[in-house]
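# A structural walkthrough
The residues making up each chain are set out below.
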Amino acid sequence: MLEIKGLSKHFGGLAAVDKFDLSINQGEIVGLIGPNGAGKTVTFDMISGFLRPTSGKIMFEGEDITGRHPYYIASKGIIRTFQATSVFSELTVMQNIVAGCHLNAKIGLLESILHLPSSRKKKERVLNKALEILQFVGLADIKDILAKNLPHGHKRVLGIAIALAAEPKLLLLDESTSGMNAGEVTDAMELISKIWQRGTTILLIEHNMRAAMGICQRIAVLSFGKKIAEGLPAEMQENKEVIEAYLGVEANATA
Amino acid sequence: MSVGGYTSALLVMKLGVSTWAAMLAGGVAAAFLALMVGYPFFRLKGIYFALVTIFLSEVIRLVLEQWSSVTGGTMGLTRIPKPNPIVIPGLFNMDFASKTDYYYLILVLALITILILYAIERSRILVTWNSIRESNDLAASVGVNLNNFKVLAFCICCFFPGIVGAFYSQYMTIIAPNAFGFTFSLYVIVYLIVGGAKRFAGPIIGAIILTLLPELARGLKEFQPFIFAVVMMAVIAFMPQGIVGIPQLLTKFVKERRGHA
């Protein structure tokens with residue numbers, strides 16, 4: 001489904017990501033882990049079109065999408081979430097989802113302004129769909145609250161829900177659990193696993209190693225922009241290079 | 001507005017187009033200009049975008065001054081025909097001989113504009129524009145083509161002033177390059193801020209109040225820019241929601257008072 005070859009991004013002389021390869025098959029759930037500054041988010045930015053790669057190629061369903069605009073890549077079915085800017089603050093929870101439905105509710109300007117029956121029908125369909133998504137993620141009770149007034153955990157879930165509204169074929173989740181407490185992490189992981197079971201292919205960045213281990217079928221590990229390992233979660237846990245990358249000094253001390 | 005005014009005036013004077021078609025063409029011309037400059041302009045963000053729009057209006061003014069063979073140079077265009085009369089036999093007869101007829105015309109234009117804008121306000125497309133305002137990146141991530149939507153908004157925003165420019169030229173029967181100066185553009189922004197930018201009624205209320213107020217205080221005309229500046233700063237400091245935010249502000253105030261008591 002997704003085929004990344006030799007992907008690199010240089011900022012000045014610094015290689016943030018260096019010759020990164022990864023392929024993801026339809027229906028998989030894959031984790032991308034690594035210490036801070038390893039280049040995980042930069043990789044996401046390149047896949048989703050927010051950053052233009054210095055070199056390398058990104059193929060999605062047989063089409064070369066390297067360096068295309070974010071909206072174009074989104075229209076092909078790759079939807080990402082963000083670590084920081086995750087919701088439309090001044091909109092209600094419901095409006096957030098409706099905004100996320102942009103792609104599958106194309107309404108022309110005139111159609112929309114004149115409030116033609118066709119647009120009303122589409123509007124109703126979008127609202128129903130939005131409600132369904134809110135029920136699915138468990139935010140239906142608070143659909144009329146302004147997003148900025150939500151607690152942090154709910155904001156993160158809403159961020160995922162916005163992405164779901166765009167009907168992703170491949171969902172890129174950037175640290176969905178950052179800043180969450182243990183209970184929230186468990187809930188979020190359950191939600192992600194539910195999304196995956198519905199048939200969405202997922203690539204997720206995770207800082208919380210245990211969370212990633214529990215849910216991913218396959219894991220790729222980045223360190224200083226290079227992929228240092230890839231394989232089953234259990235293998236990664238025992239991989240010497242991975243442990244060193246994560247624990248650095250301590251690993252050396254015990255050796 | 002200059003673009004709309006000149007376009008419609010020239011169409012009527014040189015090509016003999018009907019004044020009503022020319023008025024519409026004034027709006028279309030302004031929107032078309034917005035379409036042409038929109039894509040390059042929106043590569044810039046925030047304050048830089050504001051700067052280039054100011055530069056553009058200066059460029060337009062200079063072009064109008066220099067291109068004298070068409071625009072009449074600094075003197076502008078004179079003896080622009082009045083609007084063609086509207087006559088419905090037995091009902092009414094508007095020949096635009098008196099100011100009253102112009103008043104009703106601009107009133108109808110204003111109502112139509114508000115109606116169209118209100119329809120947009122209630123439409124699905126507003127959610128998309130709001131999402132862009134809230135976060136460019138997040139909107140793009142769900143597939144919004146930012147440039148297209150920004151340019152579309154820009155075109156709509158230029159269409160109505162284009163019409164007004166055409167109306168102005170037919171009302172004054174003259175138009176000169178300095179008809180709509182930089183000060184005028186600034187005043188429009190003051191209306192917006194004082195009225196309240198986030199609510200539909202805000203700019204309308206702001207424009208009404210700040211147009212009527214100077215009429216009541218004609219003796220202070222020289223000080224108008226000062227007064228406007230003070231009013232605007234006061235609004236920014238004490239009621240960031242603008243005049244439309246006053247009811248909210250009051251209820252909040254009363255609640256807090258009760259809370260303390």
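Small disclaimer: the values here were computed from a predicted structure and weren't measured.

## Let's talk about the overall build of chain B
- Along chain B, the regular secondary structure elements total 12 helices and two strands.
- Its C-alpha atoms put chain B at 70 × 50 × 40 Å along the principal axes.
- Residues counted as buried form 28% of the 261 residues belonging to chain B.
- For chain B, long-range pairs separated by at least 24 residues make up 67% of all intrachain contacts whose partners lie at least 6 apart in sequence.

## Details of the nonpolar core
- Ranked by internal contacts, the top residues of the largest apolar core, which has 79 residues, are Ile97(A), Ala161(A) and Ala165(A).
- For Ala165(A), the contacting residues outside a window of four places in its chain are Ile97(A), Gly100(A), Cys101(A), Ala130(A), Ile133(A) and Val142(B).
- Of all hydrophobic cores here, the second largest spans 29 residues; its members include Leu10(B), Ala25(B), Leu64(B) and Leu77(B).

## What to know about helix H1 (residues 2-15) of chain B
Residue and element names in this part refer to chain B.
- A rise of 1.5 Å per residue sets the reference length of H1, with its 14 residues, at 20 Å; its end C-alpha atoms lie 19 Å apart and thus fit the reference within 8%.
- Turning to H1, its buried residues are Ser2, Val3, Gly4, Gly5, Tyr6, Thr7, Ser8, Ala9, Leu10, Leu11 and Val12.
- The elements touched by buried residues of H1 are helix H2 (19-41), helix H3 (47-66), helix H4 (68-71) and helix H8 (146-172).
- Where H1 terminates, the next one or two residues include Gly16, which has phi positive at roughly 65°.

## Topic: the domain arrangement of chain A
Residue and element names in this part refer to chain A.
- Segmenting chain A into domains produces domain 1 (2-87 + 166-254) and domain 2 (88-149).
- Each of domain 1 and domain 2 has a C-alpha centre, and the two are 29 Å apart.
- In this complex, domain 1 contributes six residues to the contact, which on the side of domain 2 involves eight residues.
- Split into classes, the residues belonging to the side of domain 1 that touches domain 2 amount to four nonpolar, one polar and one charged.

## Focus on the sheet that holds strand S1 (residues 2-11) of chain A
All names here are of chain A.
- Taking strand neighbours across the sheet as the criterion, the four strands line up as S2-S1-S4-S5 in an open arrangement whose pairing is antiparallel. Every other strand in the sheet has two partners, leaving strand S2 (14-24) and strand S5 (63-64) as the edge strands with one partner each.
- Bridging between strand S4 (residues 55-60) and S5 involves two bridges; their strand directions are antiparallel. Across the sheet, the residue bridging to Phe60 is Glu63, located in S5.

Calculation rules
Within any chain, residue numbers begin from 1 and follow the written order of that chain's sequence. Working convention: letters from A go to chains and numbers from 1 go to ligands, in the order in which they are written. Where totals are concerned, whole chains, interfaces and linings use all residues; where local detail is concerned, this predicted model gives features only for residues with pLDDT of at least 70, and gives and counts side-chain atom pairs only at 80 or more. Helix numbers and strand numbers start at the N terminus; a helix is a DSSP run of H or I with at least 4 residues, a strand a run of E with at least 2. Burial in this document is a count-based property: other C-beta atoms within 10 Å of a residue's C-beta are tallied, and the residue is buried at 20 or more, exposed at 12 or fewer, or partly exposed in between, with C-beta positions derived from the backbone. Think of it this way: build a C-beta for each residue from its backbone, and any pair within 7 Å is a contact. Structurally, a nonpolar core is described as a collection of buried Ala, Val, Leu, Ile, Met, Phe, Trp, Tyr and Cys residues joined by way of C-beta atoms within 7 Å. Helix span, as expected, comes to 1.5 Å for every residue beyond the first. Source of the domain bounds: an automatic or database domain assignment. Basically, the charged four are Asp, Glu, Lys and Arg, the nonpolar ten are Ala, Val, Leu, Ile, Met, Phe, Trp, Tyr, Cys and Pro, and anything else, Gly included, counts as polar. Strands pair, by our definition, only if DSSP identifies at least two bridges between them.

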